[in-house]
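# Observations on chain architecture
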Amino acid sequence: MAPNYDIDYDSFNRETQFKYPFEQISARNEPVQYAICPACLNPIQLIGLVKRSKCKPYGKHAGKTVNDLPAWNQYRYEYCPFATNKRAITDDASDLIIDDSVIELYRRCSATYTPSAEL
Ligand SMILES: [Zn+2]
């Protein structure tokens, strides 16, 4: 089990100093922040970390290999407890469709959690 960190600006800055490969420039020439899912160890993209958005920052499985981060593993992703398929109810009552790969790492998983299979 990888260590868990809250998804917020301060902890990201503390752990990565926004250094490559945790921050990379996207094809749209914008900085994108990445981390590793603590459960499936796939790369995740952090949303709302720097740019202000309505919701709290969260992680989204990248769905592909990201340069210099662990290679995308579809099998582990499919068994990842953070991979969900649901609608999230937001505070302003409009509901936002979140795709099936949204994870909310700021809800830390319980310390007793152990992956069911070591791959
Ligand atoms: Zn995962």
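The rules behind these values
Residues numbered from 1 in each chain as written. Predicted model: local features only at pLDDT ≥ 70, side-chain atom pairs only at ≥ 80, totals over all residues. Helix = DSSP H or I, 4+ residues; strand = E, 2+ residues; numbered from the N terminus. Buried ≥ 20, exposed ≤ 12 C-beta atoms within 10 Å, placed from the backbone. Contact = placed C-beta atoms within 7 Å. Core = buried A, V, L, I, M, F, W, Y, C linked by C-beta atoms within 7 Å. Pairing = 2+ DSSP bridges. pLDDT = per-residue confidence, 0-100.

### Concerning the overall build of the protein
A tally of regular secondary structure across the protein gives two helices and seven strands. Helices and strands appear in the protein in the N-to-C order α-β-β-β-β-α-β-β-β. Of all 119 residues assigned to the protein, the portion counted as buried reaches 24%. The long-range fraction of contacts in the protein, counting pairs at least 24 apart against all pairs at least 6 apart in sequence, stands at 52%.

### Let's talk about the nonpolar core
Counting residues in hydrophobic clusters, the biggest one holds 17 residues, and the most contacted among them are Tyr34, Cys37, Ile44, Leu46 and Cys80. Elements with a minimum of two residues in this core: strand 2 (31–36) and strand 3 (43–47).

### As for unusual backbone geometry
That bond from Tyr20 to Pro21 is cis: its omega, 5°, falls within 30 degrees of zero. The topology assignment puts Pro21 in the loop between helix 1 (9–16) and strand 1 (23–25). Residues other than glycine seldom take positive phi values, yet Phe18 does so here, at roughly 60°. On the neighbour-count criterion, Phe18 (14 C-beta atoms within 10 Å) is partly exposed. In the Ramachandran plot, Leu41 falls in the positive-phi region, its phi being about 60° despite a non-glycine side chain. Since 19 C-beta atoms lie within 10 Å of it, Leu41 is described here as partly exposed.

### What to know about the pairing of strand 2
Here strand 1 pairs with strand 2 via three bridges, running antiparallel. Each bridged residue has a counterpart across the sheet, and for Ile25 the counterpart in strand 2 is Pro31. Here strand 1 folds back onto strand 2 in antiparallel fashion, the turn holding five residues, of which Asn29 has a positive phi close to 65°. Inspection of the sheet shows strand 2 paired to strand 3 by four bridges, in the antiparallel sense.

### So, the environment of Gln24
Summarising the element assignment, Gln24 is placed in strand 1. In this structure the C-alpha to C-alpha distance between Gln24 and Asn67, which are 43 residues apart in sequence, comes to 8.6 Å. Setting aside residues up to four positions removed in sequence, Gln24 forms contacts with Val32, Tyr34 and Asn67.

### As for the confidence of the model for the protein
Looking at the protein, the pLDDT average stands at 74 and 65% of residues meet or exceed 70. In the model of the protein, strand 5 (residues 87–89) stands out as the element of lowest mean pLDDT, 41, in contrast to strand 1, which has the highest, 96. Under a pLDDT of 50 for its full length, residues 85–119 has, in the predicted model, 44 contacts with residues more than four places off or in other chains.

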